Amino acid sequence: LVCTNKTSSQSDRQVYVASFLAAMDAISPLVARQGYGGVVNGTGNNTVYAFGECMKDLSQTDCNLCFAQCKTQILRCLPFQRLTRGGRLFYDGCYLRYDDYMFFNESLDAEDKTVCGVNDFGGNQSLFKANVAQLVRNMSVEAPKTDGFFKGFVNRGNLTVYGLAQCWEFVNGTSCEKCLNDSVSRIGS
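Residues numbered from 1 in each chain as written. Predicted model: local features only at pLDDT ≥ 70, side-chain atom pairs only at ≥ 80, totals over all residues. Heavy atoms only, no water.

**Brief notes about the pattern of salt bridges**
Reasoning step 1: Scanning all chains against the criterion turns up nine salt bridges.
Reasoning step 2: Notably, a salt bridge pairs Asp147 with Lys56, separated by 3.4 Å at the nearest N-O pair. Pair noted here: Asp147 is in the loop between helix 3 (125-142) and strand 6 (149-156) and Lys56 is in the loop between strand 3 (48-54) and helix 2 (60-73), with a separation of 91 residues, a long-range link.
Reasoning step 3: The exposed category is assigned to Asp147, whose relative accessible area is 59%.
Reasoning step 4: For Glu169, the salt bridge is made with Lys56, and the minimal N-O distance between the two is 3.7 Å. Highlighted residues: Glu169 in the loop between strand 7 (159-166) and helix 4 (174-187) and Lys56 in the loop between strand 3 and helix 2, separated in sequence by 113 residues.
Reasoning step 5: Among the charged side chains, a salt-bridge network with shared partners connects Lys6, Arg85, Arg97, Asp99, Asp100 and Glu106. (Salt bridge = Lys/Arg side-chain N within 4 Å of Asp/Glu carboxyl O. Helix = DSSP H or I, 4+ residues; strand = E, 2+ residues; numbered from the N terminus. Buried < 20%, exposed > 50% of the residue type's maximum accessible area, 1.4 Å probe, protein only.)

**Examining the packing of aromatic side chains**
Reasoning step 1: Per the counting criterion, the structure on display carries 13 aromatic pairs.
Reasoning step 2: Judged by centre distance (5.6 Å) and plane angle (85°), the ring pair of Phe20 and Phe80 falls under edge-to-face. Placement of the pair is Phe20 in helix 1 (residues 13-34) and Phe80 in the loop between helix 2 and strand 4 (87-90), with a sequence separation of 60 residues.
Reasoning step 3: Take Phe20: its relative accessible area is 1%, and that puts it in the buried class. (Phe/Tyr/Trp six-rings, centres within 6.5 Å; stacked < 30°, edge-to-face > 60°.)

**Quick notes on the state of the cysteines**
Reasoning step 1: Considering all chains together, one arrives at four disulfides under this definition.
Reasoning step 2: Covalently, Cys3 is tied to Cys77 through a disulfide, its sulfur atoms 2.0 Å apart. Torsion about the S-S bond of the Cys3 and Cys77 cystine: about -85°, corresponding to left-handed handedness. Here Cys77 lies in the loop between helix 2 and strand 4 and Cys3 lies in strand 1 (residues 2-3), a separation of 74 residues in the sequence.
Reasoning step 3: Owing to a relative accessible area of 35%, Cys3 belongs among the partly exposed residues under this scheme.
Reasoning step 4: Considering cysteine sulfurs only, Cys94 is the nearest to Cys70, which forms no disulfide, with 3.6 Å between them.
Reasoning step 5: Since its relative accessible area comes to 0%, Cys70 is described here as buried.
Reasoning step 6: Free cysteine: Cys179, not disulfide-bonded; nearest cysteine sulfur from Cys167 at 5.3 Å.
Reasoning step 7: The partly exposed category is assigned to Cys179, whose relative accessible area is 22%. (Disulfide = S-S within 2.5 Å.)

**Comments concerning the sheet that holds strand 1**
Reasoning step 1: Strand order in the open sheet made by the five strands is 1-4-5-3-2, with antiparallel pairing throughout. The open sheet terminates on both sides in strands that have one partner only, identified here as strand 1 and strand 2 (36-41).
Reasoning step 2: Relative to strand 5 (residues 94-99), strand 3 runs antiparallel, the two being bridged by six bridges. If you follow Ala50 over to strand 5, its bridge partner there is Tyr98. (Pairing = 2+ DSSP bridges.)

**Side note on the nonpolar core**
Reasoning step 1: One finds Ile27, Leu96 and Tyr98 to be the most contacted residues of the largest nonpolar core, which totals 23 residues.
Reasoning step 2: Going through the elements one at a time, helix 1, strand 3, helix 2 and strand 5 are the ones with two or more residues in this core.
Reasoning step 3: No other element matches helix 1, which puts eight residues into this core.
Reasoning step 4: Apart from residues no more than four positions distant in its own chain, Ile27 is found in contact with Gly37, Val39, Ala50, Phe51, Gly52, Phe67 and Leu96. (Core = buried A, V, L, I, M, F, W, Y, C linked by side-chain atoms within 4.5 Å. Contact = heavy atoms within 4.5 Å.)

**A look at the packing of helix 3 against helix 4**
Reasoning step 1: Where helix 3 contacts helix 4, the axes come no closer than 9 Å and their chain directions differ by 175°. In terms of their interaxial angle, helix 3 and helix 4 are classed as roughly antiparallel. Contacts from Val136, Arg137, Met139 and Ser140 of helix 3 reach helix 4 at Leu180, Asn181, Val184 and Ile187.
Reasoning step 2: Here the contact of helix 3 with helix 4 is built from residues that sort into five nonpolar, two polar and one charged. (Axes fitted to C-alpha atoms, helices over the stretch in contact; angles between N-to-C directions. Parallel < 35°, antiparallel > 145°, perpendicular 65-115°, else oblique. Nonpolar A, V, L, I, M, F, W, Y, C, P; charged D, E, K, R; others polar.)

This is the structure in structure tokens:
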């Protein structure tokens, strides 16, 4: 969960909250129907831009459950209490973001983070690292060719590593490539 530190003025509370709620209500059926959705609701300073997407390997039921959880947890950014103008939530299976500007086609952002697992690999670490490096290179090349989505594995030396790469629906072409290349360089950490 990443929340911005930008807030609306208290005098706009009712209008901003109404825009936020309408955006959240409008995005759910889009995600349920097509796996992703972008919504713009409100006017002027009270415009809310919202985008949500499920990973393309999820079943419809799992997408719906993941996205419902996202909508519940995004409220931890306190859009009603503090009138926080932006937040984003990443789960393994889905993503939800709202903000006060049109961000839909952004591929890289200062808020991007690398999140690493907490458990160390107990086997041959150099082989594991080599297989991971090969896998992420493969995915970064293949995903832009296949509608921004690719899942695969590398099996060398009796060690298999699995992965999935997906660009957000509105991030395509060279922006998708740029994002995945950035991910390849970061994942080595």
